[in-house]
Amino acid sequence: MNEDGSITLEVCKSKDAKEIYIQIIDTGCGIPPHVLDRMFEPFYTTKTSGTGLGMMIINKIVQDHQGSIQIKSKQHVGTEILLTFPIMTE
């Protein structure tokens, strides 16, 4: 995202208080569809440095907490990431 973009973070509970939602929204350049399809693939990267493991690790951490991750993106508009986690009660 360039210096003109913005990032918004929202956190809320579901109406039945069984899930928590974390939404990250940016007004960056967006993610091309062919990259979006491979986001969680190990060692896949579009960068000149790095290992291509970041998004795979994030996805694994989310799954280990019985959560889910959804990514929507439009090129030249921005990206929305929604993390959903169950609220554990004893």
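All figures in this text were calculated on a predicted structure; none of them were measured in a lab.

**Examining the overall build of the protein**
Reasoning step 1: When you go through the protein residue by residue, the secondary structure sums to two helices and four strands.
Reasoning step 2: Written out in order from the N terminus, the α and β elements of the protein read β-β-α-α-β-β.
Reasoning step 3: Principal-axis analysis of the C-alpha atoms gives the protein an extent of 45 × 30 × 20 Å.
Reasoning step 4: Intrachain contacts of the protein at a sequence separation of at least 6 include 44% that bridge at least 24 residues.
Reasoning step 5: Accessible area for the protein stands at about 6800 Å²; split by element, carbon and sulfur atoms hold 56% of it.
Reasoning step 6: The positive charge centre, built from 8 side chains, and the negative charge centre, built from 11, are 5 Å apart in the protein.

**With respect to the layout of surface pockets**
Reasoning step 1: Of the pockets and cavities examined, the largest pocket occupies roughly 360 Å³.
Reasoning step 2: Lining the largest pocket are 14 residues, and of these V35, M39, T46, K47 and M55 lie nearest its centre.
Reasoning step 3: Sorting elements by how many residues they give to the lining of the largest pocket places helix α2 (residues 54-64) first, with three residues.
Reasoning step 4: A breakdown of the residues in the lining of the largest pocket according to their chemical character gives eight nonpolar, four polar and two charged.
Reasoning step 5: Of the pockets and cavities examined, the second largest pocket occupies roughly 170 Å³.
Reasoning step 6: Looking at the second largest pocket, it is lined by eleven residues, and the ones nearest its centre are D26, C29, G30, I31 and T79.

**Examining the sheet that holds strand β1 (residues 7-13)**
Reasoning step 1: Judged by pairing direction, the sheet is antiparallel, and its four strands sit side by side in the order β1-β2-β4-β3 without closing on themselves. Looking at which strands have only one partner, the edges of the open sheet turn out to be β1 and β3 (68-74). Neighbour-to-neighbour, the strand axes of this sheet turn through a mean angle of 10 degrees, independent of strand direction.
Reasoning step 2: Relative to strand β4 (residues 78-86), strand β2 (residues 19-26) is paired through eight bridges, and the arrangement is antiparallel.

**Quick notes on the nonpolar core**
Reasoning step 1: Formed by I31, V35, M39, Y44, V62, I69, I71, L83 and F85, the largest nonpolar core amounts to nine residues.
Reasoning step 2: Elements supplying a minimum of two residues to this core: β3 and β4.
Reasoning step 3: The residues touching V62, leaving out its near neighbours within four places in the chain, are G67, S68, I69, L83 and F85.

Thresholds applied
Residues numbered from 1 in each chain as written. Predicted model: local features only at pLDDT ≥ 70, side-chain atom pairs only at ≥ 80, totals over all residues. Heavy atoms only, no water. Helix = DSSP H or I, 4+ residues; strand = E, 2+ residues; numbered from the N terminus. Contact = heavy atoms within 4.5 Å. Areas by Shrake-Rupley, 256 points an atom, 1.4 Å probe, with all protein chains shown as cover. Lys, Arg positive; Asp, Glu negative; His and termini not counted. Charge placed at Lys NZ, Arg CZ, Asp CG, Glu CD. 1 Å grid on protein atoms, 1.4 Å probe; cavity = no way out; pocket = protein on both sides within 12 Å on 5 of 7 lines; lining within 4 Å. Points joined across faces, edges and corners; volume = space filled by probe spheres on them. Nonpolar A, V, L, I, M, F, W, Y, C, P; charged D, E, K, R; others polar. Pairing = 2+ DSSP bridges. Axes fitted to C-alpha atoms, helices over the stretch in contact; angles between N-to-C directions. Core = buried A, V, L, I, M, F, W, Y, C linked by side-chain atoms within 4.5 Å. Buried < 20%, exposed > 50% of the residue type's maximum accessible area, 1.4 Å probe, protein only.

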